[in-house]
Amino acid sequence: MRKTLVVLSALLFALLIGNKLFNKTELPSRLRIATGGESGVYYAYGNAFAGILEKRMNIPVITIPSGGSVENIHLLRNGRADIAFVQNDIMIYAYEGINIFSTEGPFKDFSAASGLYPEICQIVARRDIDGIPELKGKRVSVGDEGSGTELNALQILGAYGMSYADIDVDHLSFGASVSAFKEGKIDAFFCTAGVPTPAISDLTADGQVRLLSVGDAHARSLISQYPFYSRQTIPRDTYPGVDDETKTVAVKAVLVVSNGLSEQVVSGLLKILFEAREEIAKTSADADNLAPESAVDGLPIPLHRGAEKYFFGN
Ligand code: GLU
């Protein structure tokens, strides 16, 4: 009996402490975070964040694996996720109902919570493939179904005057791309993710791969057509066995939330996120990029009112 009382009071104490950021009546019964494929950064980052949120909020926080940004938008739109990781380019297309979302129309019922880290458009190829034009006739994975990676692949190929008609297309997750590459079933794959991407590090060590560059003129025309890209360089030695720097383009990973979440919940979960930066970085090094200044920089859709409160105090 005494033991039960001790356990019960400890539980009550934990509940009170854990929920002090939140008014209990406003807490949802659970939170669902749409992440990505199991070998990607969204998945690792999302799971680390979910574990911390669950402890601090005392509610179940479930992570949903997915194909990536495009599927995550659909999960939010269908009410099957409350929080999601998405690329900044994909989120504006969804918000405005343009590009790949033109048949579905605009989706305005979500907002930005925080910019997270740059996602680099990486093109991993067999060592003997010397540049993007040489992908012609090759077997190439353009990213998973429902990924943002696939749109980046299409647009980058487009900047070189190429399309799916020029390559033998596969839709594989990052993990499946690495396996297929190792087995010689594909010659190259696209991967838009935080760098270094663990799936790619896994592959480069034996020196049999190269990262293809996006040339200056091609990058310029891509950015002028799609302003959500920025120019980025992957420094040499980012990956074992890749000795040269790689000039390419990048987008940005953004944490977005359903407008159904309250101001208090969103500002509270951002407080938890920023406080847990170092802890998340143990699982996903990209959490080191989290900083209030860059978090609200260049976000193409409105901030959630809870994020306004967290970042600007009103
Ligand atoms: N940005 C990628 C996409 O939406 C996913 C990246 C990841 O899983 O880390 O295709």
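Let me begin by describing the structure that accompanies this report. Values in this document were obtained by computation on a predicted structure and should not be read as measured data.

What counts as what
- Residues numbered from 1 in each chain as written.
- Predicted model: local features only at pLDDT ≥ 70, side-chain atom pairs only at ≥ 80, totals over all residues.
- Heavy atoms only, no water.
- Helix = DSSP H or I, 4+ residues; strand = E, 2+ residues; numbered from the N terminus.
- Rg over C-alpha atoms; globule rule 2.2 N^0.38 Å.
- Buried < 20%, exposed > 50% of the residue type's maximum accessible area, 1.4 Å probe, protein only.
- Lys, Arg positive; Asp, Glu negative; His and termini not counted.
- Charge placed at Lys NZ, Arg CZ, Asp CG, Glu CD.
- Near = heavy atom within 4 Å.
- Polar contact = N/O pair within 3.5 Å; in protein donor to acceptor, adjacent residues only side chain to side chain.
- Areas by Shrake-Rupley, 256 points an atom, 1.4 Å probe, with all protein chains shown as cover.
- Nonpolar A, V, L, I, M, F, W, Y, C, P; charged D, E, K, R; others polar.
- Axes fitted to C-alpha atoms, helices over the stretch in contact; angles between N-to-C directions.
- Left-handed = near helix turned anticlockwise from the far one by under 90°.
- Contact = heavy atoms within 4.5 Å.
- Core = buried A, V, L, I, M, F, W, Y, C linked by side-chain atoms within 4.5 Å.
- Pairing = 2+ DSSP bridges.
- Right-handed = clockwise from strand over helix to strand, strands pointing away.
- Phe/Tyr/Trp six-rings, centres within 6.5 Å; stacked < 30°, edge-to-face > 60°.
- Salt bridge = Lys/Arg side-chain N within 4 Å of Asp/Glu carboxyl O.

Now for the overall build of the protein. Within the protein, the secondary structure is distributed over 12 helices and 10 strands. Relative to the compact-globule value of 20 Å for 314 residues, the protein shows a C-alpha radius of gyration of 21 Å, a close match. Expressed as lengths along the three principal axes of its C-alpha atoms, the size of the protein is roughly 70 × 40 × 30 Å. When the 314 residues of the protein are sorted by exposure, 52% land in the buried category. Of the side chains in the protein, 29 bear a positive and 37 a negative charge, and the two mean positions are spaced by 7 Å.

Taken together, Gly40, Val41, Tyr42, Gly68, Ser69, Gln87, Glu119, Ser147, Gly148, Thr149, Phe174 and Thr192 make up all the residues around the ligand. Taking Glu119, its side chain carries an N or O atom lying 2.8 Å from a nitrogen atom of the ligand. In isolation the ligand offers 300 Å² of accessible surface; the protein chains occlude 98% of this area. Across the shell around the ligand, the residue classes tally to 3 nonpolar, 8 polar and 1 charged.

Here the focus is the packing of helix α2 (residues 41–57) against helix α9 (residues 263–275). In the contact formed by α2 and α9, the axes pass within 10 Å of each other and the chain directions differ by 115 degrees. Relative to α9, α2 is oriented so that their crossing is right-handed. Residues Tyr45, Phe49, Ile52, Leu53, Arg56 and Met57 of α2 form the contact with α9, whose participating residues are Val265, Leu269, Ile272, Leu273 and Glu275. Of the residues belonging to the contact of α2 with α9, the class tally is 9 nonpolar, no polar and 2 charged.

Turning our eyes to something else, we now look at the nonpolar core. Residues Ile132, Leu135 and Leu273 are the most contacted members of the largest nonpolar core, which totals 109 residues. In terms of residue count, strand β4 (residues 110–126) provides more of this core than any other element does, 10 residues in total. The residues contacting Leu135, other than those within four sequence positions of it, are Ile123, Ile129, Val140, Leu157, Met162, Asp166, Ile167, Ala188, Phe190 and Leu212.

This part takes up the pairing of strand β1 (residues 31–34). Both faces of β1 are covered, namely the face carrying Leu31 and Ile33 and the face carrying Arg32 and Ala34. Here β1 runs beside strand β2 (residues 61–64); their pairing, made up of 4 bridges, is parallel. Residue Arg32 lies in a different strand from β2, and its bridge partner there is Ile62. Read as a crossover between parallel neighbours, the route from β1 over α2 to β2 is right-handed. The pairing of β1 with strand β3 (residues 83–87) spans 2 bridges and is parallel. Bridged to Ala34 within β3 is Ala84.

It is worth spelling out the packing of aromatic side chains at this point. Applying the stated criterion across every chain yields a total of 11 aromatic pairs. Ring centres of Tyr45 and Tyr117 lie 5.7 Å apart, and the angle between their planes is 25 degrees; on these two criteria the pair is classed as stacked. On the criterion of sequence distance, the pair formed by Tyr45 in helix α2 and Tyr117 in strand β4 is long-range, its members being 72 residues apart. Of the two residues, Tyr45 and Tyr117, neither departs from the other in class, the shared state being buried. Seen from their ring centres, Tyr310 and Phe311 are 5.1 Å apart, and the 75 degrees between their planes marks the pair as edge-to-face. The exposure class of Tyr310 is partly exposed, given its relative accessible area of 29%. One aromatic cluster is present, formed by Tyr42, Tyr45, Phe85 and Tyr117 through successive ring pairs.

Side chains that differ in sign of charge can pair as their charged atoms come close. Here the structure, examined in full by the defined rule, presents 16 salt bridges. Note that Asp216 and Arg231 form a salt bridge whose closest N and O atoms lie 2.7 Å from each other. Here Arg231 lies in strand β9 (residues 230–234) and Asp216 lies in helix α8 (residues 216–225), a separation of 15 residues in the sequence. Taking the relative accessible area as the measure of exposure, Arg231 reaches 29% and is therefore partly exposed. Linking Lys247 and Asp216 is a salt bridge whose minimum nitrogen-to-oxygen distance equals 3.3 Å. Here Lys247, found in strand β10 (residues 246–258), pairs with Asp216, found in helix α8; they are 31 residues apart in sequence, far enough to count as distant. Residue class for Asp216 comes out partly exposed when judged on its relative accessible area of 42%. Look at the salt bridges and you will find they share partners, linking Arg56, Lys271 and Glu275 into a network.

Attention now goes to the environment of Ala253. Looking at the secondary structure, you find Ala253 in strand β10. With near-sequence residues (within four places) excluded, Ala253 lies in contact with Tyr42, Val86, Gly115, Leu116, Tyr117 and Glu119.

Moving on, we get to unusual backbone geometry. In this chain, Val195 is followed by Pro196 through a cis amide linkage whose omega measures -5 degrees. Along the chain, the position of Pro196 falls in the loop between β7 (188–193) and α7 (198–204). Positive phi, close to 55 degrees, is recorded for Asn99, a residue that is not glycine. Here Asn99 shows up in the loop between α4 (88–96) and β4. Backbone geometry places Asp237, a non-glycine residue, at a positive phi of 70 degrees. You can see Asp237 is positioned in the loop between β9 and β10.

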